[in-house]
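# A look at the structure
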Amino acid sequence: MSWLNRVRQSIPFLPKRETPENLWHKCRDCEAMIFTREWEENGFVCPRCDHHDRIGPRQRFERLFDPGYSLLPPPAVKEDPLKFRDSKKYTDRIKAARQKTGETDALINGRGTIEGQRAVIGVQDFAFMGGSMGMAVGAAFVAGVRAAIEDRCPYIIFTAAGGARMQEGILSLMQMPKTTVAISELKEAGLPYIVVLTDPTTGGVTASYAMLGDVQIAEPNALIGFAGQRVIESTIREKLPEGFQRAEYLHDHGMIDMVVHRRDLRQRLAQLIAYLTPRKEAA
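In this report, we go over the structure that sits alongside the text. Note that the structure is a prediction, hence the values are computed from the model and not measured.

## Re empty space enclosed by the protein
With the rule as written, the count across this model stands at 1 cavity of 30 Å³ or more. Arg54, Arg60, Thr198, Asp199 and Glu219 are the residues nearest the centre of the largest cavity, which is lined by 15 residues in total. Those elements giving two or more residues to the lining of the largest cavity turn out to be β5 (117-124), β6 (155-161) and β7 (193-201).

See below:
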């Protein structure tokens, strides 16, 4: 500390300069320091390297829906059906996740319009226990599909998950066929099912509803896969190509339909709804 700073701090009537802790955001990819306001105004995308940061349901809804959207009430499910405990009780982990995110579980649904086109949107929150798929997520997915059928509009799901929720065991895996049946109901009603894959989408979510869309969209550089790269390499004993589980690689190899920048996503979804929804329903 210089003598000038020591003198300054010893004089009580000189105000100290205070800098807000959230003034800057450090990019997870290029590590550039960006003004938080600039980062948020850019859609939580780094203006230097274009890295798409993970965002929660509320930010998604605000960016996609027209003003006046509403949230669907979360369905009630039995918590901790297996009385699971590891280093902590499962109920304590749920409580901590709710306090951290302000959400009841990892999938939130909203209904409204996108550029005048009706839609129901479900968003998985990776901040809530890694967006893991449990009974509450399965029930919310089914509720979102049925709300879309009731409104005669598409169901759009934004996936972000580490897979099935281990604390619910086989009950979490049962959500895979459950959500698949719900998608069948939506298709029988003649309504579109659109999937937007965000970073990361892995495990049982990828093996079920994340790959069953009429249109598969991904955000740039999103990690998408079932098992991790090291697990696959040790199983097949082959070196995998660089970035083989990233959105651009999957698009080049035909696994997804398009990679869309976050700034263009609202307009692209509105176009898809207009194309895919029956004309009498789109009006």
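## Observations concerning the packing of helix α3 (residues 57-64) against helix α11 (residues 262-276)
Contact geometry of α3 with α11 gives a least axis separation of 9 Å together with a crossing angle of 60°. The angle between α3 and α11 falls in the class oblique. Considering only the axes of α3 and α11, their crossing is right-handed. Contacts between α3 and α11 involve Arg60, Arg63 and Leu64 from the former and Arg262, Arg263, Leu265, Arg266 and Leu269 from the latter.

## Remarks on the nonpolar core
Of all hydrophobic cores here, the largest spans 37 residues; its most connected members are Phe141, Tyr155, Ile157, Tyr193 and Tyr209. Of all the secondary-structure elements, those providing two or more residues to this core are α4 (90-101), α5 (135-151), β6, α7 (175-188), β7 and α10 (247-252). Of all the elements, α5 adds the most residues to this core, at 7 residues. With sequence-adjacent residues up to four places away left out, phenylalanine 141 is seen in contact with Leu107, Tyr155, Ile157, Thr179, Ala182, Ile183, Tyr193 and Tyr209. Residues Phe61, Leu64, Ile194 and Ile217 belong to the second largest nonpolar core, which totals 21 residues.

## Re the environment of arginine 98
Secondary-structure assignment places arginine 98 in helix α4. The class of arginine 98 is partly exposed, set by a relative accessible area of 29%. Measuring from C-alpha to C-alpha, the distance between arginine 98 and serine 234 comes to 37 Å, with 136 residues separating the pair along the chain.

## Thoughts on the sheet that holds β6
As summarised here, the arrangement of the 7 strands in space is β3-β4-β5-β6-β7-β8-β9, forming an open sheet in which the pairing is mixed. The open sheet has two edge strands, β3 (70-71) and β9 (258-259), and neither has a second partner. Sitting on the sheet, α5 touches β4 (107-114), β5, β6 and β7, and the angle it makes with β4 is about 20°.

## Here we look at the packing of aromatic side chains
A full pass over the atoms with the stated rule returns 9 aromatic pairs. Arranged with centres 5.8 Å apart and planes meeting at 50°, the rings of phenylalanine 61 and tyrosine 69 form a pair that is tilted. Taking the relative accessible area as the measure of exposure, phenylalanine 61 reaches 0% and is therefore buried. One aromatic cluster is present, built from ring pairs that chain together Phe141, Tyr155, Tyr193 and Tyr209. Taking the ring centre of phenylalanine 126 as reference, the NZ or CZ of arginine 54 above it sits at 4.5 Å.

## As for the pattern of salt bridges
Scanning all chains against the criterion turns up 16 salt bridges. Lysine 187 is the partner of aspartate 214 in a salt bridge, and the nearest nitrogen-oxygen pair spans 3.9 Å. Here the residue aspartate 214 occupies a position in the loop between α8 (203-206) and β8 (215-218), and lysine 187 occupies one in helix α7, the gap between them amounting to 27 residues. Residue lysine 187 is classed as partly exposed on the basis of its relative accessible area of 40%. Look at the salt bridges and you will find they share partners, linking Arg54, Asp199 and Arg246 into a network.

## Description of α5
Between its first and last C-alpha, α5 extends 24 Å over 17 residues, near the 24 Å set by a 1.5 Å rise per residue. For α5, a buried count of 12 out of 17 residues is recorded, marking the element as mostly surrounded by other parts of the structure. Within the sequence span of α5, burial applies to Ala136, Val137, Gly138, Ala139, Ala140, Phe141, Val142, Gly144, Val145, Ala147, Ala148 and Asp151. On its buried side, α5 packs onto β4, β5, β6, α7 and β7.

## Comments concerning the state of the cysteines
In this structure the tally under the stated criterion is 0 disulfides. In this structure cysteine 30 is a free cysteine whose sulfur lies 3.6 Å from that of cysteine 49, the closest cysteine sulfur available. Of all cysteine sulfurs in the structure, the one in cysteine 49 sits closest to cysteine 46, which takes part in no disulfide; the separation is 3.7 Å.

Scoring rules and cut-offs
Residues numbered from 1 in each chain as written. Predicted model: local features only at pLDDT ≥ 70, side-chain atom pairs only at ≥ 80, totals over all residues. Heavy atoms only, no water. 1 Å grid on protein atoms, 1.4 Å probe; cavity = no way out; pocket = protein on both sides within 12 Å on 5 of 7 lines; lining within 4 Å. Points joined across faces, edges and corners; volume = space filled by probe spheres on them. Helix = DSSP H or I, 4+ residues; strand = E, 2+ residues; numbered from the N terminus. Axes fitted to C-alpha atoms, helices over the stretch in contact; angles between N-to-C directions. Parallel < 35°, antiparallel > 145°, perpendicular 65-115°, else oblique. Left-handed = near helix turned anticlockwise from the far one by under 90°. Contact = heavy atoms within 4.5 Å. Core = buried A, V, L, I, M, F, W, Y, C linked by side-chain atoms within 4.5 Å. Buried < 20%, exposed > 50% of the residue type's maximum accessible area, 1.4 Å probe, protein only. Pairing = 2+ DSSP bridges. Phe/Tyr/Trp six-rings, centres within 6.5 Å; stacked < 30°, edge-to-face > 60°. Lys NZ or Arg CZ within 6 Å of the ring centre and 35° of its normal. Salt bridge = Lys/Arg side-chain N within 4 Å of Asp/Glu carboxyl O. Expected span 1.5 Å × (residues − 1). Disulfide = S-S within 2.5 Å.

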